[in-house]
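As a plain string of letters, each chain reads:
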Amino acid sequence: MQTELSRKLGIEHAVFGFTPFPAVAAAISRAGGLGVLGAVRYTAPDELRRDLDWLDAHAGGHPYGLDVVMPAKKVEGVTEADVEAMIPPAHRRFVEDTLARHGVPGLAEGEASGWRITGWMEQVARTQLDVAFDHPIRLLANALGSPPADVVRRAHDRGVLVAALAGSARHARKHREAGIDIVVAQGYEAGGHTGEIATMVLTPEVVAAVDPLPVLAAGGIGSGPQVAAALSLGAQGVWLGSIWLTTTEADLHSPALTRKLLAAGSGDTVRSRALTGKPARQLRTEWTDAWDDPAGPGTLPMPLQGLLVAEAVSRIQKYEVEPLLGTPVGQIVGRMTGERSVQAVFDDLTRGFEEAVDRINRIAGRSGQ
Ligand SMILES: Cc1cc2nc3c(=O)[nH]c(=O)nc-3n(C[C@H](O)[C@H](O)[C@H](O)COP(=O)(O)O)c2cc1C
């Protein structure tokens, strides 16, 4: 599974793996793909430094990348406390009532909620970049919009390639104008924030829109034939996020959540604003149902919703309250039916890719070649 882009990066397979877990990122790079560590959960630069040091020691000398969340719109001088003050009391009551209905206990005194919005703020993303550029990252990806011009320059000065996620051809063209090197065309099926266009339709549109920039196809890919399909649509590689969540190297801290993921079918996700205020695909739960119920108060815009629900999400995870327990995940969750190692996922991808190529060759009358 080699393309011009994989050869440029010096990786064996054109498989890029987004993951919040350093152990998974290292395993992806060791297996011949490019592991990309998500930085949004790091609010303290020292934690990110510690984990990137660990990656340097465990990626076996193979390249890896970092994914930051730099919102396109810059918000100056606003603190988390300012944002807190903008949350209506009725929404806070709704959170507490929903948790109370399910008997969710509170956190212990002084116990911090594990999820903050600060990773979504540009100033935090910038401190993450200072740490990242002290490490031999090979790729810098940005989740929400094009990265600022000075960040692209800084990356290029260090020989780091810059990627950005796009849910439409219009977004992809904006990224090209911002001088980035790789567009990740992320379809509707994907876990996390998504647009409304399916990968099958989006990939060739983005390939045509940004030609000759390389495009990675993302969303709904979890098998070799799907990799072959993406490459035949003109992508120079694939970008996978969900499939790693149930690998043995992933650390979800919740056996109940792993069980739910393994049991879920492709119809068990929903694109909901419940988590961050922007549409993000995730497991459908009684928590997402409550927020999507027209009888409820509805969600708040980003970043208010994320701040409003941060503590609640931590409580649901800590006490593993199954009806409410969820995570961002894509429709490919239906294929995630057993825990396996990252290497086993790669073995399955390469085997399935070869079978798909053989099948197409036979259909094209080239059998035996
Ligand atoms: C648990 C989870 C968290 C994610 N968080 C981010 C993120 O912080 N930044 C980002 O660029 N993409 C994020 N994504 C999206 C992935 O980068 C990727 O585009 C997507 O998972 C691909 O589709 P798939 O889920 O069908 O593999 C996340 C995806 C998942 C499943």
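Residues numbered from 1 in each chain as written. Predicted model: local features only at pLDDT ≥ 70, side-chain atom pairs only at ≥ 80, totals over all residues. Heavy atoms only, no water.

Novice: Give me the lowdown on the overall build of the protein, citing residues and values where you can.
Specialist: Within the protein, the secondary structure is distributed over 14 helices and 11 strands. Expressed as a percentage of the 369 residues in the protein, the buried residues total 51%. Counting contacts in the protein only where the partners sit at least 6 residues apart, residues at least 24 apart contribute 68% of the total. Total accessible area on the protein stands at roughly 16000 Å², and carbon and sulfur atoms take up 51% of it. A gap of 4 Å separates the mean positions of the 36 positive and 43 negative side-chain charges of the protein. (Helix = DSSP H or I, 4+ residues; strand = E, 2+ residues; numbered from the N terminus. Buried < 20%, exposed > 50% of the residue type's maximum accessible area, 1.4 Å probe, protein only. Contact = heavy atoms within 4.5 Å. Areas by Shrake-Rupley, 256 points an atom, 1.4 Å probe, with all protein chains shown as cover. Lys, Arg positive; Asp, Glu negative; His and termini not counted. Charge placed at Lys NZ, Arg CZ, Asp CG, Glu CD.)

Novice: Please give an account of the sheet that holds strand 8 (residues 215-218) that cites residues and values.
Specialist: Here we have 8 strands rolled up into a closed barrel, ordered 1-2-3-4-5-6-8-9, and parallel in their pairing. On average, adjacent strands in this sheet sit at an angle of 25 degrees to one another, irrespective of strand direction. As judged from the 4 bridges shared by strand 5 (residues 161-166) and strand 6 (residues 182-186), these two strands associate in the parallel manner. Across the sheet, the residue bridging to Ala 164 is Val 183, located in strand 6. Taken strand by strand, helix 3 (residues 45-58) contacts strand 2 (34-38) and strand 3 (64-68), and its axis lies near 160 degrees from that of strand 3. (Pairing = 2+ DSSP bridges. Axes fitted to C-alpha atoms, helices over the stretch in contact; angles between N-to-C directions.)

Novice: Run through the packing of aromatic side chains, naming residues and quoting values.
Specialist: For any pair of aromatic rings, the description rests on two quantities: the centre-to-centre distance and the angle between the ring planes. Inspection of every chain in the model, using the stated rule, returns 3 aromatic pairs. Geometrically, the ring pair formed by Phe 94 and Trp 291 is edge-to-face, given 4.9 Å between the ring centres and 70 degrees between the ring planes. Of this pair, Phe 94 sits in helix 5 (residues 89-101) while Trp 291 sits in helix 12 (residues 286-292), and the two are 197 residues apart along the sequence. On the basis of relative accessibility, which here comes to 16%, the residue Phe 94 falls in the buried class. Judged by centre distance (5.8 Å) and plane angle (25 degrees), the ring pair of Trp 244 and Phe 346 falls under stacked. Of the two residues, Trp 244 sits in the loop between strand 9 (237-240) and helix 11 (255-263) while Phe 346 sits in helix 14 (residues 342-363), which places them 102 residues apart along the sequence. In this structure Trp 244 comes out as buried when scored by relative accessible area, which is 1%. Of the residues examined, Phe 346 reaches a relative accessible area of 1% and is grouped as buried. Site record: aromatic cluster; members linked through ring pairs are Phe 94, Trp 287 and Trp 291. Over the aromatic face of Tyr 42 sits the side chain of Arg 41, whose NZ or CZ is 4.6 Å from the ring centroid. Positioned above the aromatic ring of Tyr 188 is the side chain of Arg 281, whose terminal nitrogen or guanidinium carbon lies 4.6 Å from the ring centre. (Phe/Tyr/Trp six-rings, centres within 6.5 Å; stacked < 30°, edge-to-face > 60°. Lys NZ or Arg CZ within 6 Å of the ring centre and 35° of its normal.)

Novice: Could you give an account of the site of the ligand, with specific residues and numbers?
Specialist: Taken together, 15 residues surround the ligand, and among them Asp 67, Gln 186, Gly 220, Gly 241 and Ser 242 come closest. Contact distances for the ligand include 2.8 Å between an oxygen atom and a side-chain N or O atom of Gln 186. One of the side-chain nitrogen or oxygen atoms of Trp 239 is found 2.9 Å away from an oxygen atom of the ligand. Considered on its own, the ligand offers 600 Å² of accessible surface; in the complex 92% of this is hidden by protein. Residue composition of the shell around the ligand, grouped by class: 8 nonpolar, 6 polar and 1 charged. (Near = heavy atom within 4 Å. Polar contact = N/O pair within 3.5 Å; in protein donor to acceptor, adjacent residues only side chain to side chain. Nonpolar A, V, L, I, M, F, W, Y, C, P; charged D, E, K, R; others polar.)

Novice: Requested: an account of the environment of Leu 52, with residues and values cited.
Specialist: Within the fold, Leu 52 resides in helix 3. A C-alpha to C-alpha distance of 8.8 Å links Leu 52 and Leu 37, two positions 15 residues apart in sequence. Apart from the residues within four sequence positions on either side, Leu 52 is in contact with Leu 37, Tyr 64, Leu 66, Val 131, Ala 132 and His 135.

Novice: Describe the nonpolar core, naming the residues involved and giving the relevant values.
Specialist: Among the nonpolar cores identified, the biggest contains 57 residues, and Leu 99, Trp 244, Trp 287 and Trp 291 are the most heavily contacted of them. Looking at this core, the element that brings in the most residues is helix 13 (residues 304-318), giving 7 residues. The residues touching Leu 99, leaving out its near neighbours within four places in the chain, are Val 104, Trp 287, Ala 312, Arg 315, Ile 316 and Leu 324. If you look at the next biggest cluster of nonpolar residues, it comprises 38 residues, including Leu 55, Tyr 64, Ala 166 and Val 206. (Core = buried A, V, L, I, M, F, W, Y, C linked by side-chain atoms within 4.5 Å.)

Novice: I'd love a proper account of the packing of helix 2 (residues 22-30) against helix 3, names of residues and values included.
Specialist: Two packed helices can be described by the angle between their axes and the distance between those axes. For the pair helix 2 and helix 3, interaxial distance at closest approach is 9 Å and the crossing angle is 30 degrees. Regarding the angle of helix 2 to helix 3, the classification is roughly parallel. Between helix 2 and helix 3 lies a crossing whose hand is right-handed. On the side of helix 2, the interface is formed by Pro 22, Ala 23, Ala 25, Ala 26 and Arg 30, while helix 3 contributes Asp 51, Trp 54, Leu 55 and His 58. (Parallel < 35°, antiparallel > 145°, perpendicular 65-115°, else oblique. Left-handed = near helix turned anticlockwise from the far one by under 90°.)

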